[in-house]
Amino acid sequence: QVQLVESGGGLVQAGGSLRLSCAASGGTFSSYGMGWFRQAPGKEREFVAAINWSGGTLYYADSVRGRFTISRDNDKNTVYLQMNSLKPEDTANYYCGASLQVRIWEPARGPYDYWGQGTQVTVST
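What comes next is a walk through the structure. (Residues numbered from 1 in each chain as written. Predicted model: local features only at pLDDT ≥ 70, side-chain atom pairs only at ≥ 80, totals over all residues. Heavy atoms only, no water.)

## Quick word on the overall build of the chain
Right, so step 1: When its secondary structure is counted, the chain shows zero helices and eleven strands.
Right, so step 2: Against the 2.2 N^0.38 benchmark of 14 Å for 125 residues, the chain shows a C-alpha radius of gyration of 13 Å, consistent with a compact globule.
Right, so step 3: For the chain, the spread of C-alpha atoms along the principal axes amounts to about 40 × 25 × 25 Å.
Right, so step 4: With 125 residues in all, the chain has 45% of them scored as buried.
Right, so step 5: Pairs at least 24 apart in sequence give 57% of the contacts found in the chain among residues at least 6 apart.
Right, so step 6: In the form shown here, the chain has an accessible surface area of approximately 6400 Å², with 45% of it arising from carbon and sulfur atoms.
Right, so step 7: Between the centroid of the 11 positive side chains of the chain and the centroid of its 10 negative side chains there is a distance of 2 Å. (Helix = DSSP H or I, 4+ residues; strand = E, 2+ residues; numbered from the N terminus. Rg over C-alpha atoms; globule rule 2.2 N^0.38 Å. Buried < 20%, exposed > 50% of the residue type's maximum accessible area, 1.4 Å probe, protein only. Contact = heavy atoms within 4.5 Å. Areas by Shrake-Rupley, 256 points an atom, 1.4 Å probe, with all protein chains shown as cover. Lys, Arg positive; Asp, Glu negative; His and termini not counted. Charge placed at Lys NZ, Arg CZ, Asp CG, Glu CD.)

Have a look at this one:
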């Protein structure tokens, strides 16, 4: 059983930065594809960014490309999302997901086998 715990969310002014963390336990983190998603009230969950098992391949939604950076530290079993130049439309609950099915994994579509509980990011004007 894999557990994912996100942290680092908060309230920030537009133009500011936050770094989210997702700590994994209970599995072989270094073999997972990892993704960040977000969901705003009244909206569907949307893909933000993903990273393959080695950290060598990164994927981004067009809406965050150039502003957000995903990375991972397999020694610490943690994936990060550095968010810069934040906009009010980035306000959402941010979730990380882990995919154990890396042969069929599509970063934006999954499948994702485990999810964290989320961390709230609020960007004020």
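## Some thoughts on the packing of aromatic side chains
The relative placement of two aromatic rings is captured by the distance of their centres and the angle of their planes.
Right, so step 1: Counting across every chain of the model gives seven aromatic pairs.
Right, so step 2: Here Phe29 and Tyr32 contribute two aromatic rings whose centre-to-centre distance is 6.5 Å and whose plane-to-plane angle is 75 degrees, an arrangement assigned as edge-to-face. Here the two residues Phe29 and Tyr32 agree in accessibility, since each one is buried.
Right, so step 3: Relative to Tyr112, the ring of Trp105 lies with its centre 6.4 Å away and its plane at 90 degrees, an arrangement referred to as edge-to-face.
Right, so step 4: Given the relative accessible area of 11%, Trp105 is considered buried.
Right, so step 5: Members of the aromatic cluster, connected to one another through ring pairs, are Phe37, Phe47, Tyr59, Trp105, Tyr112 and Trp115.
Right, so step 6: The side chain of Arg45 reaches across the aromatic face of Phe37, ending 5.6 Å from its centre. (Phe/Tyr/Trp six-rings, centres within 6.5 Å; stacked < 30°, edge-to-face > 60°. Lys NZ or Arg CZ within 6 Å of the ring centre and 35° of its normal.)

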